[in-house]
Every structure is written in structure tokens, then in C-alpha cells.
Amino acid sequence: MTETSLQGVRSLLFAPGDDARKLRSALASAADGVIADLEDAVAPDRKDAARGIVRTEFAAAGTHMRRMVRINGLDTDWGREDLALTRTLDLDAIVVPKATADSISAVGADGVPVIALVETAVGLRQAYEIGLHPRVSALMLGGADLGAELRWKPRSDGLELLFARSSLVVDSAAAGILPPFDVVHLAPRAIDELIDESTFARSIGFGGKACIHPCQAEPVNTAFSPSQSEIDWARAVVAAFDDASARGSGTAVVDGRLVDAPVVRHARSMLSHPGSTNQLPRRSPAAH
Ligand SMILES: CC(C)(COP(=O)(O)OP(=O)(O)OC[C@H]1O[C@@H](n2cnc3c(N)ncnc32)[C@H](O)[C@@H]1OP(=O)(O)O)[C@@H](O)C(=O)NCCC(=O)NCCS
Ligand SMILES: O=C(O)C[C@H](O)C(=O)O
Ligand SMILES: [Mg+2]
């Protein structure tokens, strides 16, 4: 696992790499990071132009925003040139699409952190191995590609995604990397759906979510930050447990629920990072 500047990142906003206007507006948005896309949002005859546009817009931007580039796969006509471009830019990460254990190895061991986009059946089966690669800081789930491959008929409750989502959460934690980033919500106007989807993704262990429109950044940031009531709960848990410990007990009850060591670990972790749920995993003592 790479020491990473991605800790705490909740929203990652994609913008097409050949669209200077969108790149500029993404860099000025509320997102925690921008991903300039060279892959599926850019038509084949715009791939070369896109590299130049990304270089210019990223160079002109201030440094407050984390900057990333999604390259084309290294097995395509454009991937090698994309990778060469990324080596000349000051990036926080590169995003590798359709990641598999082999394609991540091909990216090489040296360079900025990698977010591996898991969006194929093979990639999903290999996600733990992908997460163990020394450059990989986080996984991201790609629902559009995976859904096309598996012939999903999208449901309003997103149940078709549940297995893939849960596997990525488990594989990320087992590999010792950050929690994964959830799929993009493809309907930028449907903010209520986005909030529900983000809240659910966070509840099963995601640390953040990819976005396609600036208006999605704020709701995603909120969904992936502990709420005031969660912080209040965490404080109450720690206080009750400290009190119980002082009396020689390993358990307490808060709001009618048992509090013991793992519950307190969770609460302390929340209090040490109140701004975001995107933090490295805390293993139970037996796992060390
Ligand atoms: C989905 C999409 C095509 C819709 O575009 P649209 O219908 O033009 O969106 P809107 O009309 O709501 O745009 C309103 C404003 O937001 C801007 N905007 C929209 N999506 C943006 C994005 N992803 N990043 C930055 N700015 C964006 C538009 O440029 C426009 O700005 P303007 O009023 O200054 O011209 C567009 O949001 C987009 O390109 N998203 C990213 C696609 C992408 O990168 N895909 C790859 C990975 S999923
Ligand atoms: O490009 C996208 O639609 C995002 C992602 O790669 C996906 O396949 O869902
Ligand atoms: Mg995709």
C-alpha cells in the first residue's frame, strides 16, 4: 500500500479531458478531487487533443484541488502515450480503467498512487490482488462497464450492485488500502437518488464516490462525512466505555445497545477523523 494523499477524499469529479471548460469548472468545484478523463468520455479522434488540453488546464490550476488523470488501458492505441503524459504532470493519482492484476502490474511499480477502477468480471475476482499492488491506494467500482458485461437491468434500489460493492469493501480492507470509491450516479439531476445511493454506499463501507457533475460533489461530501449525531454517539460511546473501564468492566450500554471493544474502536476512529470516513482500515488486534 502506498502512503497516500487520498486519505480523506470523498468526492472525485470526472470531466472529459478534451473539454477545457468542464475541466476548469471541475477544478473550481466543491469536489475533493478532479479526474480528467482520457478514456471513455473522449472520442477516438480527440484523444491526442485531450492530452494537450489536460496538460494546459492542470498547469493553469491552483494546487488546492487533488488532480488525477484516467488513462486509456495500456492495451489500447492510446494508453502508453497517456501514461507518458501523466509522468510529466504533478498529479495526486492516476486512475487505471478496467483494472486486472496484469494491467496494474503493467503500469509499473514507480510513480504516483493508482486508483484501480474495477469494472470487469475478471477485475472483480482479482480485486484483492489488485489492492495488494504497491502503487494502488484505492479501488473504484465502475458500474456502467460491469453492468454492460453482466447484462444488468438497473434497479432503483441498486440491488444488482450489492455483491460487487460488498466485495470491493472487503477486498480493500483485506489489502490494507483505503475504502473504495462508489460508482458514478449517471443522472446528475436526481440529487435525492444520489443522496440515498451515497448514504447506502457509506453504510456498507465505501469511503467516497465518483461524480460526473459538479452539483453532485456537495451531497457526496456530506454523505461521506460523519454527521453531528454520529459524532455525538461516538463521544457518548467513548465516555461510557472509559467510565466502565475505570470500574474494571469491559462493557457499557449506550442508547440501550452494548458497547464493547470493537464498538469503541469504531467510535474512536470516527473521532480522530471527524471530516471524512475515507480512512485506512483499523484491523482488530487479532489481525495484526
Ligand atoms: C453528463 C454530462 C455530459 C451532462 O452535461 P450537460 O448536460 O452539458 O450538463 P449541464 O447542462 O448540467 O451543465 C451545466 C454546467 O456544468 C458544467 N459541467 C457539467 N458536467 C461537468 C463536469 N463533469 N465537470 C465540470 N463541469 C461540468 C457544464 O460545463 C455547464 O457549465 P456552463 O454552464 O458554464 O457551460 C456532463 O455532466 C459530463 O460531461 N460529465 C462528465 C462525463 C465524464 O467525464 N465521463 C467519464 C467518467 S463517468
Ligand atoms: O466511464 C464511466 O461510466 C465510469 C466507469 O468507468 C464505469 O464504467 O462505470
Ligand atoms: Mg468504465
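This is a predicted model, so every value here is computed, not measured.

Here we look at the pattern of salt bridges
- Tallying each qualifying case throughout the model produces 20 salt bridges.
- The salt bridge involving arginine 46 is made with aspartate 18; its shortest N-O contact spans 3.1 Å. Taken together, the residues arginine 46 in the loop between strand S2 (33-37) and helix H2 (47-60) and aspartate 18 in the loop between strand S1 (11-16) and helix H1 (20-27) connect sequence positions 28 residues apart.
- Of the residues examined, arginine 46 reaches a relative accessible area of 33% and is grouped as partly exposed.
- A residue is classified by how much of its surface remains accessible, and aspartate 18, at 17% relative accessible area, is buried.
- In this structure, lysine 209 engages aspartate 182 in a salt bridge whose closest nitrogen and oxygen atoms are separated by 2.9 Å. On the criterion of sequence distance, the pair formed by lysine 209 in strand S8 (residues 208-211) and aspartate 182 in strand S7 (residues 181-182) is long-range, its members being 27 residues apart.

Looking at the nonpolar core
- Of all hydrophobic cores here, the largest spans 53 residues; its most connected members are Val54, Phe58, Val69, Ile104, Ile130, Val136 and Leu139.
- Leave out the neighbours within four places in its chain, and isoleucine 104 touches Val96, Ala99, Val114, Ala116, Ile130, His133 and Val136.

Details of the confidence of the model for the protein
- For the protein, per-residue confidence averages 94 on the pLDDT scale, and residues scoring 70 or more make up 96% of the total.
- As a predicted assembly, this complex carries a pTM of 0.95 together with an ipTM value of 0.98.

Remarks on the coordination of the magnesium ion (ligand 3)
- Here the magnesium ion (ligand 3) is held by the protein donor atoms Glu119 (OE) and Asp145 (OD), which lie 2.0 to 2.1 Å from it. One end of the pair, glutamate 119, is in the loop between strand S5 (114-118) and helix H5 (121-125); the other, aspartate 145, is in helix H7 (residues 143-150), and 26 residues separate them in sequence.
- Residue glutamate 119 is classed as buried on the basis of its relative accessible area of 4%.

Considering the site of ligand 2
- The local shell around ligand 2 consists of Arg70, Leu117, Glu119, Gly142, Gly143, Ala144 and Asp145.
- In this structure, an oxygen atom belonging to ligand 2 sits 3.1 Å away from a main-chain N or O atom of glycine 143.
- A distance of 2.8 Å separates an oxygen atom of ligand 2 from a polar backbone atom of alanine 144.
- When the free accessible area of ligand 2 is taken as 260 Å², the share hidden by the protein chains comes to 83%.
- With three residues, the single largest contributor to the shell around ligand 2 is H7.
- Here the shell around ligand 2 is built from residues that sort into two nonpolar, two polar and three charged.

Details of the side chain of aspartate 37
- Among the secondary structure elements, aspartate 37 is positioned in strand S2.
- Of note is the side chain of aspartate 37, whose polar atom sits 3.5 Å from the backbone nitrogen of aspartate 40.
- Filtering out sequence-adjacent residues up to four positions away, aspartate 37 remains in contact with Phe14, Ala15, Pro16, Gly17, Val42 and Arg70.

Points about the UniProt feature "binding site: Mg(2+)" (unreviewed entry) in the protein
- Feature annotation in UniProt assigns "binding site: Mg(2+)" (unreviewed entry) to the following positions: Glu119 and Asp145. What stands out for the annotated residues spanning 27 residues is how close their C-alpha atoms remain, the widest pair being 5.5 Å apart.
- A distance of 2.9 Å separates the side chain of glutamate 119 from the backbone nitrogen of lysine 98, its partner in a polar contact.
- For aspartate 145, a relative accessible area of 25% corresponds to the partly exposed category.
- With sequence-adjacent residues up to four places away left out, aspartate 145 is seen in contact with Asp40, Lys98 and Glu119.
- At 3.4 Å, the side chain of aspartate 145 forms a polar contact with the side chain of lysine 98.

Parameters at a glance
- Residues numbered from 1 in each chain as written.
- Chains lettered and ligands numbered in written order.
- Predicted model: local features only at pLDDT ≥ 70, side-chain atom pairs only at ≥ 80, totals over all residues.
- Heavy atoms only, no water.
- Salt bridge = Lys/Arg side-chain N within 4 Å of Asp/Glu carboxyl O.
- Helix = DSSP H or I, 4+ residues; strand = E, 2+ residues; numbered from the N terminus.
- Buried < 20%, exposed > 50% of the residue type's maximum accessible area, 1.4 Å probe, protein only.
- Core = buried A, V, L, I, M, F, W, Y, C linked by side-chain atoms within 4.5 Å.
- Contact = heavy atoms within 4.5 Å.
- pLDDT = per-residue confidence, 0-100.
- Donors = N, O, S within 2.8 Å, 3.2 Å for Na, K, Ca; no water.
- Near = heavy atom within 4 Å.
- Polar contact = N/O pair within 3.5 Å; in protein donor to acceptor, adjacent residues only side chain to side chain.
- Areas by Shrake-Rupley, 256 points an atom, 1.4 Å probe, with all protein chains shown as cover.
- Nonpolar A, V, L, I, M, F, W, Y, C, P; charged D, E, K, R; others polar.
- UniProt positions renumbered as here; feature names shortened; annotations may be inferred.

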